[in-house]
Amino acid sequence: MKSSFPQDFAWGAATSAYQIEGAWNEDGKGPSVWDQMCHHRPERIWRRETGDVACDHYHRYREDVALMKEIGLKAYRLSLSWSRILPEGTGNPNPAGLDFYRRLMDELLGAGITPWVTLFHWDLPLALYHRGGWLNRDCVEWFGDYTEVVVKALGGQVKHWITMNEPSIFVNLGHFVGVNAPGDKLPLAPVLRIMHHVLMAHGRSVQAIRAITPQPARVGYAPTSGARIPATDSAADIEAARRCYFQVDTQSPTHLALWTDPVFLGKYPDEAQATLGDAMPKATDGEMKLIAQPLDFIGYNCYTGERVRAGEQGAPEIVPFEPGNAMATLSWLQLAPESLYWSARFLTERYGKLPYVVTENGFSGHDWVHLDGKVHDPARIDYTHRNLLGLRRAASEGIPVGGYFHWSVMDNFEWHEGYRERCGLIHVDYRTQTRTLKDSAYWYREVIRTNGANL
Ligand code: BGC
């Protein structure tokens, strides 16, 4: 069968620095809020596990890149540890930290794998948290300066940049709910102030990349939310799902449109003021302009979604999952494979026909190496297959799809869930650091080889 995916489609997989690197205090790295959380509030993490060693990728990156090559990845999305590069968050860079990333980029480029670099995936330097963290408006310049240091050092090797990973999640879980680092539970108004600063920091970072890159760069952002899937194909249900997807209807900082309307449309959704009232930051025109820097693609981390139908007068109603709906081991990760199609459609409708890139999509399990020495993970294969069919549908309808990054390349430290949850295409035995390609890695290799024609 002919593939609907464009020839230059970025078939990739993703990781993040804290979740795989280890070497938490080596070669001049400063601590991050995650080091702090794991060491000083260990009871908050499953079995008091830490990212101190994780997949030991800092020392084993060559082996890991060779495995990525074996899978045939065309692109690899990774994040940089800010406090490995700037131990104090600002000031003098740590040459050994930059050198590590230079060597890693060389290794990737040598293997024919395009690096997509995320500047921030949740591990804020602890020194900056002590200066007020994201609550301090100076964070906008801190993040801009950090971006400059990185692009100066790596801009010759890297053409694809993502400023931040899932800002709604680190702001919500780290500052409002408190289960992730830095573990704060602030009232809504300061949390929304953080949101505003984070969005400005994103904009400042985009400006810095564009100002400094020595080659044409593609810049994006990786927000997330649950998708909204119309319960039927009726126009009323489709409209209800669209409304529900972008609505701001509860006292929470997680609503997607809070994070995407400012970036792509230059304004907060009108509904935000009505729902969140005085807690909403008073933004100036200059601030909104800073946030709304033009981007080159719509990145989106998409794992799951909920079905929506039109109720009275078209009001969106969530249709609960049926008892026993298929799901992953992470309790929020329900099987809802139409999510990729509907999010691609709704996002490109609202924000314009920029390429849509799935910056994360994946499946958690409790995989292990079986007696035959292999890791059989049929559920991950089926989940991914179904999800990719949704993306293929989007492509076949003319939605410009630019890439797909499976989460994750390898099993890793799943934040407050520790090592309980495994999302990798590659199994990691944390006692020996042995890597084993799972069945899903071999399956994904065929998907990549055929450019999705085998789906
Ligand atoms: C995050 C990853 C995380 C994954 C699975 C995403 O929310 O970006 O860091 O490991 O989901 O939970």
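Residues numbered from 1 in each chain as written. Predicted model: local features only at pLDDT ≥ 70, side-chain atom pairs only at ≥ 80, totals over all residues. Heavy atoms only, no water.

## A closer look at the sheet that holds strand β8 (residues 305-310)
Spatially, three strands are ordered β6-β8-β9 in an open sheet, and the strand pairing comes out mixed. Both outer strands of the open sheet, β6 (227-230) and β9 (316-319), are each paired with one neighbouring strand and no more. Across the sheet, the mean angle separating the axes of adjacent strands is 45° when strand polarity is ignored. Docked against the sheet, helix α10 (residues 235-246) engages β6, β8 and β9, running at close to 125° with respect to β8. Most of the contacts of helix α14 (residues 339-351) go to β6, to which it runs at about 100°, and overall it touches β6 and β8. (Pairing = 2+ DSSP bridges. Helix = DSSP H or I, 4+ residues; strand = E, 2+ residues; numbered from the N terminus. Axes fitted to C-alpha atoms, helices over the stretch in contact; angles between N-to-C directions. Contact = heavy atoms within 4.5 Å.)

## Some points on the side chain of Gln 293
Of note, Gln 293 is situated in the loop between α13 (285-291) and β7 (298-301). Excluding its chain neighbours within four sequence positions, the residues that come into contact with Gln 293 are Gly 203, Val 206, Gln 207 and Val 263.

## Considering the pairing of strand β1 (residues 10-14)
Here β1 lies mainly inside the structure; five of its five residues are buried. By the bridge criterion, five bridges tie β1 to strand β11 (residues 401-407) in an arrangement that is parallel. In the sheet register, Ala 10 faces β11, and the bridge partner there is Gly 403. (Buried < 20%, exposed > 50% of the residue type's maximum accessible area, 1.4 Å probe, protein only.)

## As for unusual backbone geometry
The step from Ala 181 to Pro 182 runs through a cis peptide bond, and the omega angle for that step is 5°. Secondary-structure assignment places Pro 182 in the loop between α8 (167-176) and α9 (188-212). With an omega of 20°, the peptide bond running from Trp 407 to Ser 408 counts as cis. Locating Ser 408 in the fold gives a position in the loop between β11 and β12 (426-429). Residues other than glycine seldom take positive phi values, yet Asp 27 does so here, at roughly 50°. Locating Asp 27 in the fold gives a position in the loop between α1 (17-20) and α2 (33-40). Positive phi outside glycine occurs at Arg 47, with the angle close to 50°. Its location among the elements puts Arg 47 in the loop between α2 and α3 (57-71).

## Some thoughts on the sheet that holds strand β3 (residues 114-120)
Ordered in space as β5-β4-β3-β2-β1-β11-β10-β7, the eight strands form an open sheet in which the pairing is parallel. Single-partner strands in this sheet number two, and they are β5 (218-222) and β7. Going from strand to strand, the sheet's axes swing by 25° on average, the running direction of each strand aside. Together, β7, β10 (356-362) and β11 form the strand contacts of α14, whose direction differs from that of β10 by roughly 150°.

## Considerations on the environment of Thr 260
Within the secondary structure, Thr 260 is located in helix α11 (residues 256-265). For Thr 260, a relative accessible area of 1% translates into the label buried. Sequence separation between Thr 260 and Val 65 is 195 residues; the distance between their C-alpha atoms is 33 Å. Setting aside anything within four residues of it in sequence, one finds Thr 260 in contact with Pro 223, Leu 265 and Tyr 351. At 2.7 Å, the side chain of Thr 260 forms a polar contact with the side chain of Tyr 351. (Polar contact = N/O pair within 3.5 Å; in protein donor to acceptor, adjacent residues only side chain to side chain.)

On their own, these measurements won't tell you what the molecule is for.
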